[in-house]
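One letter stands for each residue in the lines below.
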Amino acid sequence: MNIALIAHDAKKKLMQNFCIAYHGILNKHELFATSTTGRLIEEVTNLNIHKYLAGHLGGEQQIGAQVEHNQIDLVIFLQDPLTLKSHEPQVNNIMRLCDIHNIPFATNLASAELLIKSLDRGDFEWREMYK
């Protein structure tokens, strides 16, 4: 499965910890991230991340394009709803694309954990048929 990982600045440490905790599951899949998030994850996990531009420089659009072409199976976008900054990627565009293309989408730790555990159980095999 192809998994996109995105995090606002205030949630990057949480994303690192999430990836450490679920390393055993994540290392079985192809991972994609915006550049800073991907680099930070790689530093603490040694996971191989396909990195795009920084979110505010177009990385969000690059991941969005993959979503549009049904090349992403799961998106984890840890957002900080309290301190949004104009330079940070906006969750709405990718969320809309995920809704259009029926792609599971998490915006917080609780939903991310549910999706990653479901992935590990094999609950996303339907994505292969959907493609």
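Right, let's walk through the structure included here. (Residues numbered from 1 in each chain as written. Predicted model: local features only at pLDDT ≥ 70, side-chain atom pairs only at ≥ 80, totals over all residues. Heavy atoms only, no water.)

1. Describing helix 5 (residues 91-101)
Thinking step 1. When helix 5 is considered as a whole, its buried residues turn out to be Val-91, Ile-94, Leu-97 and Cys-98. Seen end-on, helix 5 carries its buried residues on one side only, within an arc spanning 140°.
Thinking step 2. In this structure, the buried residues of helix 5 make contact with strand 1 (2-7), helix 4 (59-68), strand 4 (74-78) and strand 5 (105-106).
Thinking step 3. Where helix 5 ends, the next residue or the one after it, Asn-102, has phi of about 60°, a positive value. (Buried < 20%, exposed > 50% of the residue type's maximum accessible area, 1.4 Å probe, protein only. Helix = DSSP H or I, 4+ residues; strand = E, 2+ residues; numbered from the N terminus. Arc of directions from axis to C-beta. Contact = heavy atoms within 4.5 Å.)

2. Quick look at the packing of aromatic side chains
Thinking step 1. One pass over the full model with this rule turns up three aromatic pairs.
Thinking step 2. Ring plane angle 45° and centroid distance 5.0 Å describe the contact between Phe-18 and Tyr-22, whose orientation is recorded as tilted. For the pair formed by Phe-18 and Tyr-22, the shared burial category is buried. (Phe/Tyr/Trp six-rings, centres within 6.5 Å; stacked < 30°, edge-to-face > 60°.)

3. Some thoughts on the sheet that holds strand 2 (residues 30-33)
Thinking step 1. Taken in spatial order, the five strands line up as 3-2-1-4-5 in an open sheet, and their pairing is parallel. Single-partner strands in this sheet number two, and they are strand 3 (49-51) and strand 5.
Thinking step 2. Examined bridge by bridge, strand 1 and strand 2 share four bridges and lie parallel to one another. Within strand 2, the residue paired with Leu-5 across the bridge is Ala-33.
Thinking step 3. Lying over the sheet, helix 1 (residues 12-21) contacts strand 1 and strand 4, oriented at roughly 145° with respect to strand 1.
Thinking step 4. Here helix 6 (residues 109-121) sits on the sheet in contact with strand 1, strand 4 and strand 5, set at roughly 155° to strand 4. (Pairing = 2+ DSSP bridges. Axes fitted to C-alpha atoms, helices over the stretch in contact; angles between N-to-C directions.)

4. A short note on the nonpolar core
Thinking step 1. The biggest cluster of nonpolar side chains holds 23 residues, and the ones touching the most others in it are Leu-5, Met-15, Ile-76 and Ile-116.
Thinking step 2. Contributions of two or more residues to this core are made by strand 1, helix 1, helix 2 (23-26), strand 2, strand 4 and helix 6.
Thinking step 3. Looking at this core element by element, the count peaks at four residues for helix 6.
Thinking step 4. Counting residues in hydrophobic clusters, the runner-up holds 14 residues, among them Ala-4, Phe-32, Leu-97 and Ile-103. (Core = buried A, V, L, I, M, F, W, Y, C linked by side-chain atoms within 4.5 Å.)

5. Quick word on the pattern of salt bridges
Thinking step 1. Summed over all chains, the structure comprises six salt bridges.
Thinking step 2. The salt bridge involving Asp-73 is made with Arg-127; its shortest N-O contact spans 3.1 Å. Of this pair, Asp-73 sits in the loop between helix 4 and strand 4 while Arg-127 sits in helix 7 (residues 126-130), and the two are 54 residues apart along the sequence. Both residues of the pair, Asp-73 and Arg-127, belong to the buried class.
Thinking step 3. The residue Asp-123 makes a salt bridge to Arg-121 at a minimum N-O spacing of 2.5 Å. (Salt bridge = Lys/Arg side-chain N within 4 Å of Asp/Glu carboxyl O.)

6. Things to note about the environment of Arg-96
Thinking step 1. Among the secondary structure elements, Arg-96 is positioned in helix 5.
Thinking step 2. Sequence separation of Arg-96 and Gly-64 is 32 residues, and the distance between their C-alpha atoms is 9.6 Å.

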